[in-house]
Amino acid sequence: MIVQKFGGIAMQDHQNRKLVMARIKKAISMHQQVLVVVSAMGRSGQHYATDTLLDLIPNSVSSVETDLLSACGELISASVLCAELKKEGILATLLYGKSAGIITNDAYGDAQIEKVDTTSIAATFQHVNCIVVPGFQGITEETQTFTTLGRGGSDLTAVVYGHYLNADVVEFYKNVPGVMTSDPFRNKKVELISSMTYEELQHKINGPVEVIQKRAAKFAALHHVPLHIRSLYEDKEGTFVFK
Ligand SMILES: Nc1ncnc2c1ncn2[C@@H]1O[C@H](COP(=O)(O)OP(=O)(O)O)[C@@H](O)[C@H]1O
Ligand SMILES: N[C@@H](CC(=O)OP(=O)(O)O)C(=O)O
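Within an unreviewed UniProt entry, the label attached to the protein reads aspartate kinase, and the organism entered is Psychrobacillus soli. In its Sequence similarities (unreviewed entry) section, the UniProt entry covering the protein states "Belongs to the aspartokinase family." The UniProt entry for the protein carries the following text under Catalytic activity (unreviewed entry): "L-aspartate + ATP = 4-phospho-L-aspartate + ADP".

Asks: Please explain the nonpolar core as it appears in this structure.
Replies: Side chains that are nonpolar tend, in soluble globular proteins, to be buried together. One finds V3, L35, Y161, L201 and L227 to be the most contacted residues of the largest nonpolar core, which totals 39 residues. For this core, the secondary structure elements donating two or more residues are β2 (34-38), β6 (130-134), α5 (154-164), β9 (170-174), α6 (198-204), α7 (214-223) and β11 (227-231). In this structure Y161 touches V3, L35, V37, A100, I102, I121, V133 and N166, once residues within four positions along its chain are discounted.

Asks: Would you mind going over the layout of surface pockets with me for this structure?
Replies: To find the voids left in a structure, one rolls a probe of water-molecule size over its atoms. Estimated volume of the largest pocket: approximately 1,200 Å³. If you trace the largest pocket, you find 44 residues lining it, with R43, K174, V209, E210 and V211 closest to the centre. Contributing elements (two or more residues each) for the lining of the largest pocket: α2 (50-54), α5 and β9. Considered class by class, the residues forming the lining of the largest pocket number 16 nonpolar, 17 polar and 11 charged.

Asks: Got a minute to help me understand the packing of α5 against α7 in this structure?
Replies: Two quantities define a packed helix pair, namely the angle between the helix axes and the distance between the axes. Axis separation between α5 and α7 bottoms out at 8 Å; the angle between their running directions is 15 degrees. As judged from the angle between their axes, α5 and α7 are roughly parallel. In the crossing of α5 with α7, the sense of the turn from one axis to the other is left-handed. Contact residues: α5 offers D155, L156, V159, V160, H163 and Y164, while α7 offers R215, A216, F219, A220 and H223. A per-class count over the contact of α5 with α7 returns 7 nonpolar, 2 polar and 2 charged.

Asks: Would you take a moment to explain the site of ligand 1 for this structure?
Replies: In the vicinity of ligand 1, 18 residues are found, and the nearest of them are K5, R43, N175, M180 and D183. At 2.9 Å from an oxygen atom of ligand 1 is found a side-chain nitrogen or oxygen belonging to K5. Within the side chain of K174, an N or O atom sits 3.0 Å from an oxygen atom of ligand 1. Taken by itself ligand 1 offers 570 Å² of open surface, and the protein chains cover 89% of this. With respect to the pocket detection grid, ligand 1 is positioned in the largest pocket. Residue composition of the shell around ligand 1, by class: 8 nonpolar, 5 polar and 5 charged.

Asks: How should I be thinking about empty space enclosed by the protein in this particular structure?
Replies: Tallying each qualifying case throughout the model produces 1 cavity of 30 Å³ or more. Roughly 70 Å³ of internal volume is contained in the largest cavity. What lines the largest cavity is Y96, G97, A100, I102, P134, Q137, G138, I139, F146 and Y161. Ranked by residues supplied to the lining of the largest cavity, first place goes to strand β7 (residues 137-140) with 3 residues. Of the residues that constitute the lining of the largest cavity, the class distribution is 7 nonpolar, 3 polar and no charged.

Asks: Is there a simple way to explain the pattern of salt bridges in this structure?
Replies: Opposite charge on two side chains allows them to pair when their charged atoms are near. A full pass over the atoms with the stated rule returns 13 salt bridges. Between D51 and R151 there is a salt bridge, with the nearest N and O atoms lying 3.0 Å from each other. In this pair, D51 is assigned in helix α2 and R151 in the loop between β8 (146-148) and α5, connecting sequence segments 100 residues apart. With a shortest N-O distance of 2.8 Å, E141 and K115 are connected by a salt bridge. One end of the pair, E141, is in the loop between β7 and β8; the other, K115, is in strand β5 (residues 113-116), with 26 residues separating them in the sequence. A cluster of three or more residues bridged by salt bridges with shared partners is formed by K5, D155 and K174.

Rules used throughout
- Residues numbered from 1 in each chain as written.
- Chains lettered and ligands numbered in written order.
- Predicted model: local features only at pLDDT ≥ 70, side-chain atom pairs only at ≥ 80, totals over all residues.
- Heavy atoms only, no water.
- UniProt positions renumbered as here; feature names shortened; annotations may be inferred.
- Core = buried A, V, L, I, M, F, W, Y, C linked by side-chain atoms within 4.5 Å.
- Buried < 20%, exposed > 50% of the residue type's maximum accessible area, 1.4 Å probe, protein only.
- Helix = DSSP H or I, 4+ residues; strand = E, 2+ residues; numbered from the N terminus.
- Contact = heavy atoms within 4.5 Å.
- 1 Å grid on protein atoms, 1.4 Å probe; cavity = no way out; pocket = protein on both sides within 12 Å on 5 of 7 lines; lining within 4 Å.
- Points joined across faces, edges and corners; volume = space filled by probe spheres on them.
- Nonpolar A, V, L, I, M, F, W, Y, C, P; charged D, E, K, R; others polar.
- Axes fitted to C-alpha atoms, helices over the stretch in contact; angles between N-to-C directions.
- Parallel < 35°, antiparallel > 145°, perpendicular 65-115°, else oblique.
- Left-handed = near helix turned anticlockwise from the far one by under 90°.
- Near = heavy atom within 4 Å.
- Polar contact = N/O pair within 3.5 Å; in protein donor to acceptor, adjacent residues only side chain to side chain.
- Areas by Shrake-Rupley, 256 points an atom, 1.4 Å probe, with all protein chains shown as cover.
- Sits in = over half its atoms within 2 Å of the grid points.
- Salt bridge = Lys/Arg side-chain N within 4 Å of Asp/Glu carboxyl O.

Below, the structure is given as structure tokens:
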């Protein structure tokens, strides 16, 4: 099985999501089981993007209500993609909240994962080969309230599932060809790095925009989760990250 993660840019509109669905279809035929992790659609200003949702309320202090509000972005995105996949004839199921199994503490806005329960996911894979889960969120064990895993946290969701489900690889589909020598949106003279170690990846994450969330890269390094960071738009291999 593999895990595929699609971020805000990939999920932003139907045109991009058509490319997303093509990637999922291909992955099902190659790996049989695919867990799809999605982020909220688009970036600030787009209707259901995380920053747009958070702008709806004045208080920026992380709390039950800010985390529930931002978690809605990924719930919307996952619901829409799951419906679109079904329309395309792909047998897909949406799991979230307790069924998604990511249990955290109650540090709203930057919750720490305490437990991952893949029972529902494993049971669901007995019937379908594609499960869609919203990234960036967990729930607390005691009160079952939604929490979020820090900005960019869908990357962490994907890597965590990759580890607990023993995935062949975790794929990240980006608007860049992979990890480059530096951010291609800031520097013209850049080259793709076709493979790198976890340590090298962690060193690369130093600019204002992270190619992958720092916490996710750290977790991958700790558990040796194989990563493939690649473009949604080009059918070329990107960057493989391993030990
Ligand atoms: N070394 C690098 N190589 C590639 N991209 C980089 C690098 N450093 C920073 N970036 C930035 O990381 C971004 C990764 O995409 P991101 O917005 O995080 O996607 P997603 O929504 O899928 O999480 C790129 O758009 C790019 O601006
Ligand atoms: N939507 C969340 C989580 C996330 O990981 O998003 P993206 O994959 O678009 O960076 C955020 O903006 O922080």
